Amino acid sequence: MSLALLIAIYLLAHDNWWTALMALMASSCSLLYAFPLFKYRNWRQIPIIKLLTVAISWVILIGLLPLKSNYVEFAYAYSCDVAPVVSSGSILYILDLFQLFLLIIALCVPFEIRDLKYDSVSLKTLPQLIGVLNTKILGISICVIYVVIEYLQFGFLIDHEFLINYFILFLVATSIWFSDKFKSDYYASFFVEAIPVLWLGLYLII
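For clarity, every value in this text was computed on a predicted model and none was experimentally measured.

Enquirer: Can you help me understand the pattern of salt bridges in this one?
Expert: Where charged atoms from two side chains of opposite charge approach closely, those side chains can pair. Here the structure, examined in full by the defined rule, presents 2 salt bridges. With a shortest N-O distance of 2.8 Å, Lys50 and Glu112 are connected by a salt bridge. A residue pair is termed long-range when its members are at least 10 positions apart, and Lys50 in helix α3 (residues 49-64) and Glu112 in helix α4 (residues 89-114) qualify at 62 residues. The burial state of Lys50 is the same as that of Glu112; both residues are buried. Two residues, Asp115 and Arg114, come together in a salt bridge whose shortest N-O distance is 3.0 Å. Exposure class is identical for Asp115 and Arg114. Each is buried.

Next up, the structure:
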């Protein structure tokens with residue numbers, strides 16, 4: 001842990017203000033998530049905020065931090081032959097960030113359901129507030145919204161990249177539907193967490 005912190009400090013010291021700001025924002029989300037900073041409560045204990053905090057942190061680290069980093073040559077591009085409906089690269093990237101936000105929330109749903117057997121009722125997690133079935137429906141609906149945004153941008157394309165996306169969203173939706181608090185912890189900790197790794201593997205192979 002201390003070694004990772006030293007490496008992070010060294011890298012930030014040789015980067016620019018944008019990267020430092022994004023790292024500070026993501027770190028602040030993590031601190032607010034873990035430590036009780038006001039009224040003896042942390043963000044994890046506030047209904048719905050837990051999911052939003054996790055998703056926002058990942059969007060910052062994956063989509064915003066690399067934008068102006070000295071260590072990354074960042075350029076937005078789409079690899080399909082069909083021109084998107086919106087010609088602005090900035091708007092397309094914002095839509096991508098929103099899709100990433102939705103995907104992270106969807107990936108968290110199986111963990112929310114699994115943790116029902118551990119979470120205190122006072123946490124008021126999503127399954128505790130609206131029930132397991134409604135949580136599954138919401139998670140699958142988020143996957144559908146992701147695909148709809150993809151369709152509105154480019155139409156339905158029979159292209160390797162898009163087929164991989166549709167397959168991964170199908171896996172995420174399936175993992176949500178078959179989630180329950182009685183399944184082994186390995187269902188979420190191994191199978192669900194392996195989905196993004198599979199996604200990267202398919203891109204590299206195909």
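Enquirer: I would appreciate a short explanation of a nonpolar patch on the surface in the present structure.
Expert: Nonpolar side chains collect at one region of the surface, where Leu3, Ile7, Tyr10, Leu11, Tyr71 and Val72 lie side by side and expose about 590 Å² of accessible area between them. As for its placement among the helices and strands, Tyr71 is situated in the loop between α3 and α4.

Enquirer: Would you explain the side chain of Ser175 in this entry?
Expert: Checked against the element boundaries, Ser175 lands in helix α7 (residues 160-177). Relative accessible area serves as the criterion here: at 1%, Ser175 is assigned to the buried category. With near-sequence residues (within four places) excluded, Ser175 lies in contact with Pro110, Tyr187, Phe191, Val192 and Ile195.

Enquirer: Looking at this structure, I do not really get empty space enclosed by the protein. What am I missing?
Expert: It is a probe the size of a water molecule, rolled over the atoms, that shows where empty space is left. Taken as a whole and assessed by the stated rule, the structure comprises 2 cavities of 30 Å³ or more. Taken as a whole, the second largest cavity encloses approximately 30 Å³ of empty space. Lining the second largest cavity we find Pro110, Arg114, Ser179, Asp180, Lys183, Ser184, Tyr187 and Ala188. Of all elements in the fold, only α4 and α8 (185-205) reach the threshold of two or more residues within the lining of the second largest cavity.

Enquirer: Help me out: how do you make sense of the nonpolar core in this one?
Expert: Nonpolar side chains in soluble globular proteins generally cluster together in the buried interior. Ranked by size, the top nonpolar core spans 35 residues in total, and within it Cys143, Ile168 and Val172 carry the most contacts. Of all the elements in the fold, those that place two or more residues in this core are α3, α4, α6 (132-154), α7 and α8. In this structure, Val172 is in contact with Leu103, Ala106, Leu107, Cys143 and Ile195, ignoring residues within four places of it in sequence. Residues Trp18, Met22, Ala23 and Ile60 belong to the second largest nonpolar core, which totals 6 residues.

Enquirer: Can you help me understand the packing of α6 against α7 in this one?
Expert: In a pair of packed helices, the angle between the axes and the distance between the axes together describe the arrangement. Contact geometry for α6 and α7: axes closest at 9 Å, N-to-C directions at 170 degrees. Judged by the angle between their axes, α6 and α7 are roughly antiparallel. For the pair formed by α6 and α7, the contact residues are Leu133, Lys136, Gly139, Ile140, Cys143, Tyr146, Val147, Glu150 and Phe154 on the first element and Phe162, Asn165, Tyr166, Leu169, Val172, Ala173, Ile176 and Trp177 on the second. For the contact of α6 with α7, a count of residues per class yields 13 nonpolar, 2 polar and 2 charged.

Here is what the cut-offs are and how they apply
Residues numbered from 1 in each chain as written. Predicted model: local features only at pLDDT ≥ 70, side-chain atom pairs only at ≥ 80, totals over all residues. Heavy atoms only, no water. Salt bridge = Lys/Arg side-chain N within 4 Å of Asp/Glu carboxyl O. Helix = DSSP H or I, 4+ residues; strand = E, 2+ residues; numbered from the N terminus. Buried < 20%, exposed > 50% of the residue type's maximum accessible area, 1.4 Å probe, protein only. Patch = residues over 30% accessible without salt bridge, like charges linked within 9 Å, V, L, I, M, F, W, Y side chains within 5 Å. Areas by Shrake-Rupley, 256 points an atom, 1.4 Å probe, with all protein chains shown as cover. Contact = heavy atoms within 4.5 Å. 1 Å grid on protein atoms, 1.4 Å probe; cavity = no way out; pocket = protein on both sides within 12 Å on 5 of 7 lines; lining within 4 Å. Points joined across faces, edges and corners; volume = space filled by probe spheres on them. Core = buried A, V, L, I, M, F, W, Y, C linked by side-chain atoms within 4.5 Å. Axes fitted to C-alpha atoms, helices over the stretch in contact; angles between N-to-C directions. Parallel < 35°, antiparallel > 145°, perpendicular 65-115°, else oblique. Nonpolar A, V, L, I, M, F, W, Y, C, P; charged D, E, K, R; others polar.

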